[in-house]
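# Geometric and topological summary
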Amino acid sequence: MPAPRGTADGVGTCVLVCGAVFDGVAEELSGPTEIVVRDGRIAAMERTVEHPDGAEVLDLSERTVSPGFIDTHVHLTMDAATLGRQTLASSAAKALTGLSLAQEYLRYGFTTLRDLGTMDPEFPTVDLRDALNAGHVAGPRLVVAGHVLSSTAGHGDVRGFYAPRWDLPVSTVGDGAEEIRRLVRREHAYGSDWIKTANAGGYFSAGDDPARPTWFDDEMQVLTATAAQLGMPVAVHTGAAAACKQAIRFGARSLEHAYLIDEEGIEMATHAGTYVVPTMQMTQEDLQALAAGTLPGQAVWKFSRDNQHILDSQRLVAASDVKIAYGTDCGMFPFSHGILEFQAMVAAGLSPHRALKAATSVAAELLERDDLGVLAPGKCADVVAMPGDPFSDIAATARVDFVMRGGTIARRPSDP
Ligand SMILES: [Zn+2]
C-alpha cells in the first residue's frame with residue numbers, strides 16, 4: 001500500500017510489547033502493556049492485545065515506554081559557534097544543515113520540535129517543516145516561528161555583530177505599531193506557525209541587556225493583537241521581571257527563558273495559563289563556558305552579573321504550579337546536550353514526573369496538538385523507549401534507544 005500523500009505517518013501494523021509505560025500524564029508508571037500501532041496511530045493499548053496477523057512484534061519488555069519527547073525551543077539553522085560565517089550561507093544550505101541536526105536529534109527521542117527563529121532573510125525552517133511534515137525527508141515533525149521580531153538594538157537585532165558596510169539582512173527589526181504590524185503579517189504570509197519575539201535583551205546578543213525590556217507596551221500590544229487576529233500564538237523571549245509581566249499581560253502563550261522572573265510574575269503566569277519554557281540546561285552550559293573562559297565576550301558581563309539570579313528564578317519556577325514546557329535553545333549549544341534538560345529540571349526542583357510531562361503532554365498542549373504527547377488509542381504513534389525507570393532515575397531519559405515517529409521506526413535498540 002503506498003504511503004498516504006502529505007503525511008509522514010508510517011503504514012502497516014506492529015505491536016510494541018512494553019515492560020512499563022508512562023502515558024504522558026499518569027503519576028505512576030503502568031506495568032507491562034501491549035500497544036498496537038496501525039498506519040501511524042495507536043490502535044489499541046491494553047495489558048495484552050490480540051496480535052494482528054503479519055504484524056511485526058517489537059520486544060520492549062525490558063524498557064520503559066513514553067510518548068515521544070517534544071523540544072519546544074530549538075534553532076536548527078543557528079550555530080552559536082559560527083554566527084558570523086553562517087550569515088553568508090544560503091537559505092537552502094541552512095535548511096539542509098537543519099535537516100541533519102533534526103534527524104540526529106530524533107535519535108535521542110525528540111519526535112516533535114518547535115523552531116523559534118532563524119537569522120536568514122528567507123524562511124528556511126518553513127521549507128524544512130514542509131519537507132519533514134510531508135514525509136519527503138525522514139525526521140521529527142516541526143512547528144516553526146520564522147524569525148525573532150525585535151526592536152532596533154533588541155535581542156533579535158544582530159547587526160551589532162557586523163561592520164555597518166556589510167548591511168546583511170539577518171535581523172527582523174521594527175519599531176512602532178506600523179512596522180511591527182507589517183512584520184507579523186509577513187511572518188504569517190510566509191507560513192510561520194508561531195510569532196516569536198523578544199521583549200528583553202539576551203546574553204549572547206551584543207548591545208542589549210536581558211534585565212531591560214525592549215518593547216514599549218503599545219508595541220507589545222500591537223504585536224500580540226496582530227498575531228491574534230491572524231490566529232497565531234506568540235512565544236516571547238524574555239528576561240527582566242517587568243518584561244515577563246508585560247508578555248503575560250498582552251497574552252503571550254509562552255515565556256521563553258524568563259531569566260529573571262519573580263514571584264509575582266510566576267503567579268500572573270499561573271493565573272493566566274501562560275506556559276514557561278525555562279531552558280535550564282542552557283544556564284548550565286553558560287556557567288561551564290563562563291568558568292572555562294569560553295563564553296562570548298558580549299555575554300560575559302551580563303551573565304556574570306545575573307547567573308545567580310537566573311538560578312534563583314528557575315528554582316521559584318520549579319517550586320510553583322506554573323505550566324512548564326520542555327525547551328532547550330539547542331543551536332545555542334550542541335543538540336547532543338538537549339536531552340540533559342530533563343536532568344537540569346530535576347536538579348532545579350521539578351519532580352521527574354513533572355519534567356516528563358513537560359516534554360510530553362504539557363508541551364503538546366502548548367503546541368495545541370491533542371494528537372501528541374500522550375499514549376492512548378487514537379493518538380499519533382510517537383513512542384520512545386529506554387532501559388531503566390525515569391521516575392526514580394531521570395538520567396534514564398538519556399538512554400533512549402527506541403524511537404518511533406508517526407508509526408515509523410527511527411531507531412531500534414539493536415542500532416549502533
Ligand atoms: Zn532561542
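Definitions and limits used
- Residues numbered from 1 in each chain as written.
- Predicted model: local features only at pLDDT ≥ 70, side-chain atom pairs only at ≥ 80, totals over all residues.
- Heavy atoms only, no water.
- Axes fitted to C-alpha atoms, helices over the stretch in contact; angles between N-to-C directions.
- Helix = DSSP H or I, 4+ residues; strand = E, 2+ residues; numbered from the N terminus.
- Parallel < 35°, antiparallel > 145°, perpendicular 65-115°, else oblique.
- Left-handed = near helix turned anticlockwise from the far one by under 90°.
- Contact = heavy atoms within 4.5 Å.
- Donors = N, O, S within 2.8 Å, 3.2 Å for Na, K, Ca; no water.
- Buried < 20%, exposed > 50% of the residue type's maximum accessible area, 1.4 Å probe, protein only.
- Expected span 1.5 Å × (residues − 1).
- Pairing = 2+ DSSP bridges.
- Phe/Tyr/Trp six-rings, centres within 6.5 Å; stacked < 30°, edge-to-face > 60°.
- Lys NZ or Arg CZ within 6 Å of the ring centre and 35° of its normal.
- pLDDT = per-residue confidence, 0-100.
- Salt bridge = Lys/Arg side-chain N within 4 Å of Asp/Glu carboxyl O.
- Core = buried A, V, L, I, M, F, W, Y, C linked by side-chain atoms within 4.5 Å.

So, about the packing of helix H8 (residues 280-292) against helix H9 (residues 297-319). With their axes 11 Å apart at the nearest point, H8 and H9 run at an angle of 140° to one another. The angle between the axes of H8 and H9 places the two elements in the oblique class. Here H8 runs over H9; the crossing is left-handed. On the side of H8, the interface is formed by Met280, Thr283, Gln284, Asp286, Leu287 and Leu290, while H9 contributes Val300, Phe303, Ser304, Asn307, Ile310, Leu311 and Gln314.

Our focus in this paragraph is the coordination of the zinc ion. Coordination of the zinc ion by the protein involves His73 (NE2), His75 (NE2) and Asp329 (OD), with metal-donor separations of 2.1 to 2.2 Å. The sequence motif formed by the donor residues of the zinc ion is H-x1-H-x253-D. Of this pair, His73 sits in strand E5 (residues 69-74) while Asp329 sits in the loop between strand E13 (323-324) and helix H10 (341-348); the two residues are 256 residues apart in sequence, bridging distant segments of the chain. Neither His73 nor Asp329 differs from the other in exposure class; each is buried.

Moving on: helix H5 (residues 217-229). Compared with the 18 Å implied by 1.5 Å per residue over 13 residues, the 18 Å span of H5 between its first and last C-alpha is a close match. Buried within H5 are the following residues: Glu219, Met220, Val222, Leu223, Thr224, Thr226 and Ala227. The inward-facing, buried residues of H5 abut strand E7 (141-150), helix H4 (176-189), strand E9 (194-198), strand E10 (234-238) and helix H6 (241-249).

Turning our attention to unusual backbone geometry. Phi at His257 takes a positive value of approximately 70°, unusual for a residue other than glycine. Judged by its relative accessible area of 5%, His257 falls in the buried class.

When you line up the elements, Val74 lands in strand E5. For the pair Val74 and Ala359, spaced 285 residues apart in sequence, the C-alpha to C-alpha distance is 13 Å. In this structure Val74 touches Tyr105, Leu113, Arg114, Asp115, Leu116, Thr328, Cys330 and Phe335, once residues within four positions along its chain are discounted.

Further remarks concern the sheet that holds strand E3 (residues 41-46). The strand order across the open sheet formed by seven strands is E3-E2-E1-E4-E14-E15-E16, and the pairing between neighbours is mixed. A strand with exactly one partner marks an edge of an open sheet, and here the two such strands are E3 and strand E16 (408-411). On average, each strand axis in the sheet is tilted by 35° relative to the strand beside it, whichever way the strands run. Here three bridges tie strand E15 (residues 402-405) to E16, and the two strands are oriented antiparallel to one another. Across the sheet, residue Val403 finds its bridge partner in E16, namely Arg411.

Moving on to the pairing of strand E14 (residues 383-387). Counting buried positions along E14 gives four out of five residues, so the element sits mostly inside the fold. Bridge count for strand E4 (residues 56-67) against E14 is five bridges, and the pairing is antiparallel. Note on E14: the bridge partner recorded for Ser66 is Val384. Relative to E15, E14 runs antiparallel, the two being bridged by three bridges. Residue pairing for E15: Ala385 is matched across the bridge by Phe402.

Evaluated as defined, the whole model comprises eleven aromatic pairs. Counting every residue linked through ring pairs, the aromatic cluster contains Phe69, Tyr105, Tyr108, Phe110, Tyr326, Phe335 and Phe342. Above the plane of the ring of Trp194 lies Arg114, whose end atom (NZ or CZ) is 4.4 Å from the centre. Over the ring of Tyr190 we find Arg186; its NZ or CZ atom is 5.7 Å from the centre of that ring.

Of the residues in the protein chain, 97% have a pLDDT of 70 or more, and the chain-wide mean is 94. When the criterion is pLDDT under 50, residues 1-6 qualifies, and its contacts beyond four places in sequence or with other chains add up to six contacts.

This part is about the pairing of E3. As paired elements, strand E2 (residues 33-38) and E3 share five bridges and run antiparallel to each other. Within the sheet, the bridge partner assigned to Arg38 lies in E3 and is Arg41. Linkage of E2 to E3, two consecutive antiparallel strands, is achieved through a turn of two residues, within which Asp39 is found at a positive phi near 50°.

Right, let's get into the pattern of salt bridges. Enumeration according to the criterion identifies 18 salt bridges in this entry. Between Arg63 and Asp401 there is a salt bridge whose closest N-O contact spans 2.8 Å. Here the residue Arg63 occupies a position in strand E4, and Asp401 occupies one in the loop between E14 and E15, the gap between them amounting to 338 residues. Comparing Arg63 with Asp401 shows no difference in burial state: the two are buried. Shared partners join several salt bridges into a network, and the residues in it are Arg129, Asp130 and Asp193.

What follows is about the nonpolar core. One finds Phe69, Leu255 and Phe342 to be the most contacted residues of the largest nonpolar core, which totals 83 residues. The element best represented in this core is H9, accounting for five residues. Residues Val21, Val37, Leu375 and Ala385 belong to the second largest nonpolar core, which totals 17 residues.

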